[in-house]
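Working through the structure, step by step
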Amino acid sequence: MTTGAVTTVPVVAQRGAWSPDGRLLALATGDDVLVLDERLREVATLVGHTATVYGVAFRPDGTRLATGGRDGVMALFGVPEVAEDDAERAVREFLDRGR
């Protein structure tokens, strides 16, 4: 059995959803939605609700994020772009050379 390190994020989240490609995690945190990358670094905070957000879901193609809250609002957000860091870019370029 292999175990890995556990990474924690200091937020209280009502709901969460991974993007279809696994690169983003959206967390409903009160009346905002916190968007993190796969390393749990903050990418964006989506605002627009005036009460607790109870639902988050990515569109299957990953281009939109739907949220629903206690305020009766259903909101659609464009998904923020995630910039590759240098290590990810180097691995991708190395793999692309082998094709």
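Look up a bit, the structure's there.
Residues numbered from 1 in each chain as written. Predicted model: local features only at pLDDT ≥ 70, side-chain atom pairs only at ≥ 80, totals over all residues. Heavy atoms only, no water.

1. With respect to the environment of Ala 28
Going by this rule: Strands are runs of DSSP state E lasting at least two residues, helices are runs of H or I lasting at least four, and both sets are numbered from the N terminus onward. Relative accessibility thresholds used throughout: buried, under 20% of the residue-type maximum; exposed, over 50%; partly exposed, between the two (1.4 Å probe, protein chains only). Between two residues, a contact is recorded if the distance between any of their heavy atoms is within 4.5 Å.
For Ala 28, the position within the fold is in strand β2 (residues 24-29). For Ala 28, a relative accessible area of 0% corresponds to the buried category. Taking the C-alpha atoms as reference points, Ala 28 and Gly 69, 41 residues apart in sequence, are found 9.4 Å from one another. Excluding anything up to four places from it in sequence, Ala 28 contacts Val 12, Ala 13, Gln 14, Arg 15, Val 53 and Val 56.

2. Side note on the sheet that holds β2
For the record, the criterion: Any two strands with at least two DSSP-identified bridges between them are counted as paired. All axes here are fitted lines through C-alpha atoms, helices being fitted over the stretch that makes contact, and every angle between N-to-C directions spans 0 to 180 degrees.
Pairing is antiparallel across the open sheet formed by four strands, whose spatial order is β1-β2-β3-β4. Where the open sheet ends on each side, the last strands, each with one partner, are β1 (15-18) and β4 (42-46). Averaged over neighbouring strand pairs, the angle between their axes works out to 15° when direction is ignored. For β2 and strand β3 (residues 32-37), the ladder comprises six bridges, and the chain directions are antiparallel. Bridge assignment links Leu 27 to a residue of β3, and that residue is Leu 34.

3. Comments concerning the side chain of His 49
Rules: The definition of a polar contact used here is a pair of N or O atoms within 3.5 Å, where within protein one atom must be able to donate a hydrogen and the other to accept one, and adjacent residues in sequence count solely through side-chain atom pairs.
Within the secondary structure layout, His 49 lies in the loop between β4 and β5 (53-58). One polar contact links His 49 to Thr 67, side chain to side chain, over a distance of 2.7 Å. Here Asp 71 takes part through its side chain, which lies 3.2 Å from a polar atom of the side chain of His 49. In this structure, His 49 is in contact with Asp 31, Thr 67, Gly 68, Gly 69, Asp 71, Val 73 and Ala 75, ignoring residues within four places of it in sequence.

4. Quick word on the pattern of salt bridges
The line we're drawing: Each salt bridge in this description consists of a side-chain nitrogen of Lys or Arg and a carboxyl oxygen of Asp or Glu lying within 4 Å of one another.
Evaluated as defined, the whole model comprises two salt bridges. Residue Asp 37 pairs with Arg 41 through a salt bridge whose shortest N-O separation is 2.7 Å. Arg 59 is the partner of Asp 61 in a salt bridge, and the nearest nitrogen-oxygen pair spans 3.2 Å. Among the residues examined, Arg 59 registers a relative accessible area of 43% and is labelled partly exposed.

5. Description of the sheet that holds strand β6 (residues 64-69)
Through backbone hydrogen bonds, the strands of a sheet pair up, either in parallel or in antiparallel fashion. With antiparallel pairing, the three strands of this open sheet are ordered in space as β5-β6-β7. For this open sheet the edge positions go to β5 and β7 (74-78), each flanked by a neighbour on one side alone. Here the average twist between neighbouring strands, direction ignored, is 20°. Strand direction decides the pairing type here: β6 and β7, joined by five bridges, are antiparallel. Pairing of Ala 66 across the sheet is with Leu 76, part of β7.

Interpretation in functional terms is not warranted from these geometric data alone.
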